[in-house]
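Breakdown of the fold
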Amino acid sequence: METLFANLALGFSVAFSFENLTFALLGAFIGTAIGVLPGIGPVATISLLLPITFGMSPTTAIIMLAGIYYGSQYGGSTTAILLNLPGEVSSVVTVIEGYKMARNGRAGAALATAALGSFFAGSVATVVVAASGPLLTSVALSFGPADYFSLMFLGLVISAVLAQGSIVKGIGMVVLGVGLGLVGTDVQTGQQRFTFGVPELSDGVGFVAIAMGMFGIAEIILNLERPESRNVMTNKVGSLFLTREEFRRAVPSVLRGTALGTVLGILPGGGASLSAFGSYMVERKVSKYRHLFGTGAIEGVAGPEAANNAAAQSSFIPLLTLGIPANAVMALMVGALIIQGIQPGPRMVEAQPDLFWGLICSMWVGNLMLVIINLPMIGMWVKLLEVPYRHLYPAIMIFCSIGIYSINNNVFDVYLMVLFGIFGYLCSKLKLEGAPLLIGFVLGPMMEEHLRRAMLLSRGDVMVFVERPISAAMLAIAAIALLAMLLPGLRSGKEKAMAEGG
Amino acid sequence: MKINQKDLLAGLVLLAFAVAGLWLNLDHTLGTARRMGPGYMPMLAFGVLLFLSVTIIGLSLFNGPDPLERWAWRELFLILAAICVFGLILEKAGMIVTLAVTIAISTLADRTHKPLGVLGLILFLVALCWFVFIQELDIRIPVWPTYFGP
């Protein structure tokens with residue numbers, strides 16, 4: 001307990017340094033902005049800003065990037081409530097009840113519920129991260145290469161199972177990502193693999209090029225082909241204060257949402273959007289006021305908004321303790337850390353206590369900032385919503401272009417981004433998910449390394465994966481997850497949940 | 001038989017990747033399970049992908065119908081062309097000129113743009129990029145045309 005306080009004291013001293021405060025605020029600000037704006041999400045933004053962070057200290061860089069992620073969860077709800085349009089995928093379900101509340105003249109109350117619910121959930125999840133981090137880390141340190149391989153395998157399976165749409169296609173994208181991750185120089189033999197003699201590929205396919213192409217550029221084209229219809233309820237935000245009745249109804253939903261989001265956020269492939277869907281389903285089943293759903297029930301805003309923010313925080317747990325990304329944003333964080341020369345994994349708590357505890361404390365500080373950014377300054381974000389998309393996409397496009405060029409000062413990366421832009425567009429037309437590909441891409445090289453080491457240690461005996469209890473347990477869970485999704489009942493349940501949510 | 005066209009094509013795309021990957025992997029030594037060569041993991045990954053893509057194609061013959069959607073070729077072409085032009089002329093023409101050209105091309109993708117609005121947008125974004133990337137971040141990128149220079 002004492003060490004926890006000492007660690008938190010260290011964390012707060014890091015988080016409250018002028019530089020880190022500034023960049024946490026900047027991250028929260030940018031996060032809210034892109035959360036509010038439909039058509040640009042945290043994955044595209046973080047990959048966009050990744051090159052800029054190279055010059056910063058690792059801690060500052062991660063603090064800012066994290067701020068963008070959880071900031072976007074706050075901003076997304078504003079658009080959902082005022083515009084009947086999700087600002088982020090994770091606020092898709094907030095639209096359903098939130099917009100109805102706005103039409104009932106309770107837009108202010110809905111916004112306040114979303115922001116305060118998110119703040120509560122964020123605070124709780126931050127405590128969970130702080131408490132579970134060192135605990136899990138000590139477990140993870142006893143992991144051998146075989147255990148790591150199985151853990152990553154499990155992560156990939158779960159991220160594919162939880163992805164929207166077909167599981168086989170999800171796993172296909174994961175495996176394709178693993179394959180893409182193997183492009184470049186083989187670490188052990190120095191042999192060039194799949195590089196076609198292109199020197200730029202010898203370091204592997206640019207991670208930022210994939211993320212920007214598939215999540216930034218492809219998204220622009222998808223947005224352009226959809227006609228824009230906006231109907232901002234600018235002048236009807238109303239009082240931000242909740243009535244006593246509304247407060248009483250929101251509290252249990254926030255609590256349930258927080259619990260659900262914290263758990264689902266840890267799961268690979270879970271993250272913010274799945275938690276919001278899950279929470280909405282739970283609220284509709286168990287809330288005392290479920291008969292009011294569809295008429296602007298505050299539970300339908302409080303639960304999902306708490307859940308998505310809790311998940312945004314708790315998805316840092318696998319990253320910080322095991323070095324395994326739970327979703328596409330965390331995959332970007334892995335990329336950011338590796339570029340900074342830090343190998344994410346269980347040794348990070350010991351080797352980089354500043355980063356670990358500073359990030360955790362800055363999350364709480366950032367959440368506090370976000371309540372202030374989002375509630376009193378709501379008028380500014382409403383103004384931002386009036387910027388039409390036709391003015392926005394050229395800006396996104398050139399920021400992507402300059403950003404990708406500046407990484408290596410090489411136009412090759414620009415063309416690579418174009419290539420992945422086409423591929424991303426193709427994928428979304430064929431309902432192939434981009435997020436599993438990104439996770440597979442990050443995990444692929446790590447899996448190869450652990451597989452090689454495990455097999456070397458076991459002298460080529462595959463049984464090592466089932467003889468080691470940790471590894472065997474991971475593989476068993478993965479098998480159960482796969483088998484469970486083959487059962488028709490569960491599968492249709494998942495599809496139904498997704499369909500109702502979307 | 002209700003063919004799911006999206007899944008069928010998705011399966012074919014993944015199949016193409018798997019076959020290409022396995023074929024290119026012929027150049028790499030596989031090694032043994034104990035001492036894996038550079039070709040071992042790619043063989044596993046693309047082998048699994050081959051199996052999955054065939055499964056997707058097989059399933060797609062029954063779980064349809066899900067017809068293909070129309071592509072926004074015009075928008076796709078204009079946006080990608082704008083970025084390619086960015087890559088082509090940046091190092092010669094410098095950031096300012098390149099951005100103006102790139103933005104101008106990209107605005108063609110949305111028919112609601114008006115000439116004066118485009119001009120304003122170009123001026124605003126060029127100024128913004130200059131401030132953010134040159135003034136604040138000081139990234140190494142040519143600002144002015146160097147074509148006629150030494």
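Residues numbered from 1 in each chain as written. Chains lettered and ligands numbered in written order. Predicted model: local features only at pLDDT ≥ 70, side-chain atom pairs only at ≥ 80, totals over all residues.

Scanning chain A from N- to C-terminus turns up 23 helices and two strands. Relative to a compact globule of 502 residues, whose C-alpha radius of gyration would be 23 Å, chain A shows 22 Å and is just as compact. C-alpha atoms of chain A, sized along the principal axes, occupy 70 × 55 × 50 Å. Split into buried and exposed, the 502 residues of chain A put 60% on the buried side. For chain A, long-range pairs separated by at least 24 residues make up 80% of all intrachain contacts whose partners lie at least 6 apart in sequence. (Helix = DSSP H or I, 4+ residues; strand = E, 2+ residues; numbered from the N terminus. Rg over C-alpha atoms; globule rule 2.2 N^0.38 Å. Buried ≥ 20, exposed ≤ 12 C-beta atoms within 10 Å, placed from the backbone. Contact = placed C-beta atoms within 7 Å.)

Each helix and strand counted, chain B has four helices and zero strands in total. Reading the helices (α) and strands (β) of chain B from amino to carboxyl end gives α-α-α-α. By the compact-globule yardstick of 15 Å for 150 residues, chain B is too spread out, its C-alpha radius of gyration being 24 Å. The buried share among the 150 residues of chain B stands at 31%. Of all intrachain contacts in chain B linking residues separated by at least 6 positions in sequence, the fraction that spans at least 24 positions is 67%.

Right, let's talk about the UniProt feature "domain: DUF1468" (unreviewed entry) in chain B for a bit. Those places that UniProt annotates as "domain: DUF1468" (unreviewed entry) correspond, in this numbering, to residues 9–142 of chain B. Helix makes up 70% of residues 9–142 of chain B and strand 0%, with an end-to-end C-alpha separation of 43 Å. (UniProt positions renumbered as here; feature names shortened; annotations may be inferred.)

Each side of the interface is counted separately: chain A has 52 residues, and chain B has 59 residues. Breaking the side of chain A that touches chain B down by element, the ones donating at least two residues are α8 (167–181), α9 (207–225), α18 (389–408), α19 (411–429) and α20 (434–457) of chain A. Classifying every residue of the side of chain A that touches chain B gives 31 nonpolar, 11 polar and 10 charged. (Nonpolar A, V, L, I, M, F, W, Y, C, P; charged D, E, K, R; others polar.)

Take the packing of helix α6 (residues 107–140) of chain A against helix α10 (residues 244–266) of chain A next. Residue and element names in this part refer to chain A. Close contact between α6 and α10 brings their axes to 9 Å; oriented N to C, the two are set at 40 degrees. Judged by the inter-axis angle, α6 sits oblique to α10. In this structure, α6 crosses over α10, and the sense of that crossing is right-handed. In this structure, α6 contributes Ala109, Thr113, Gly117, Phe120, Ala121, Val124, Ala125 and Val128 to the contact, and α10 contributes Glu246, Ala250, Val254, Gly257, Thr258, Gly261 and Thr262. Of the residues contributing to the contact of α6 with α10, the split by class is eight nonpolar, six polar and one charged. (Axes fitted to C-alpha atoms, helices over the stretch in contact; angles between N-to-C directions. Parallel < 35°, antiparallel > 145°, perpendicular 65-115°, else oblique. Left-handed = near helix turned anticlockwise from the far one by under 90°.)

We now examine the UniProt feature "transmembrane region" (unreviewed entry) in chain B. Residues and elements named next belong to chain B. Within this numbering scheme, the UniProt entry marks residues 7–24, 44–64, 76–109 and 115–134 as carrying the feature "transmembrane region" (unreviewed entry). Secondary structure within residues 76–109 divides into 94% helix and 0% strand; the distance between the first and last C-alpha atoms comes to 8 Å. The span residues 115–134 carries 100% helix and 0% strand; its end-to-end C-alpha distance comes to 27 Å.

All right, on to the environment of Val126 of chain B then. Residue and element names in this part refer to chain B. Position of Val126 among the secondary structure elements: in helix α4 (residues 115–136). Using a count of 18 C-beta atoms within 10 Å as the deciding quantity, one classes Val126 as partly exposed. Distance in space between the C-alpha atoms of Val126 and Val13 is 39 Å, their sequence separation being 113 residues. If near-sequence neighbours (up to four positions away) are discounted, Val126 is found in contact with Ile96, Leu99 and Ala100.

This next bit is on the confidence of the model for chain A. With 93% of its residues at a pLDDT of 70 or more, chain A shows a mean pLDDT of 84. Within chain A, no element has a lower average pLDDT than helix α23 (residues 488–501) of chain A, which sits at 54, and none a higher one than α19 of chain A, at 93. (pLDDT = per-residue confidence, 0-100.)

It is worth spelling out the environment of Asn223 of chain A at this point. All names here are of chain A. For Asn223, the position within the fold is in helix α9. Residue classification places Asn223 among the partly exposed residues on the basis of 19 C-beta atoms within 10 Å. Taking the C-alpha atoms as reference points, Asn223 and Tyr389, 166 residues apart in sequence, are found 8.5 Å from one another. For Asn223, the contacting residues outside a window of four places in its chain are Gly39, Tyr389 and Tyr393.

As a further point, take the nonpolar core. Nonpolar side chains in soluble globular proteins tend to be buried together. One finds Leu65, Met212 and Met417 of chain A to be the most contacted residues of the largest nonpolar core, which totals 207 residues. For this core, the leading source of residues is α6 of chain A, giving 16 residues. Residues lining this core come from more than one domain, with at least three contributed by each of domain 1 (5–60) and domain 2 (73–136) of chain B. Setting aside residues no more than four positions away along its own chain, Met212 of chain A makes contact with Ala44, Ser47, Leu48, Ile217, Cys400, Ile404 and Met417 of chain A. (Core = buried A, V, L, I, M, F, W, Y, C linked by C-beta atoms within 7 Å. Domains from an automatic or database assignment.)

For α6 of chain A, built from 34 residues, the straight-helix expectation of 50 Å at 1.5 Å per residue is met to within 8% by its first-to-last C-alpha distance of 46 Å. At Ser132 of chain A, α6 of chain A shows its maximal kink, close to 35 degrees; a proline, Pro134 of chain A, follows between one and four residues later. (Expected span 1.5 Å × (residues − 1). Bend = angle between axes of the 7 residues up to and from the residue.)

A word on unusual backbone geometry. Backbone phi values are negative for most residues with the exception of glycine, while trans is the configuration of most peptide bonds. Even without being a glycine, Phe194 of chain A presents a positive backbone phi close to 50 degrees. Its place among the elements puts Phe194 of chain A in the loop between β2 (192–193) and α9.

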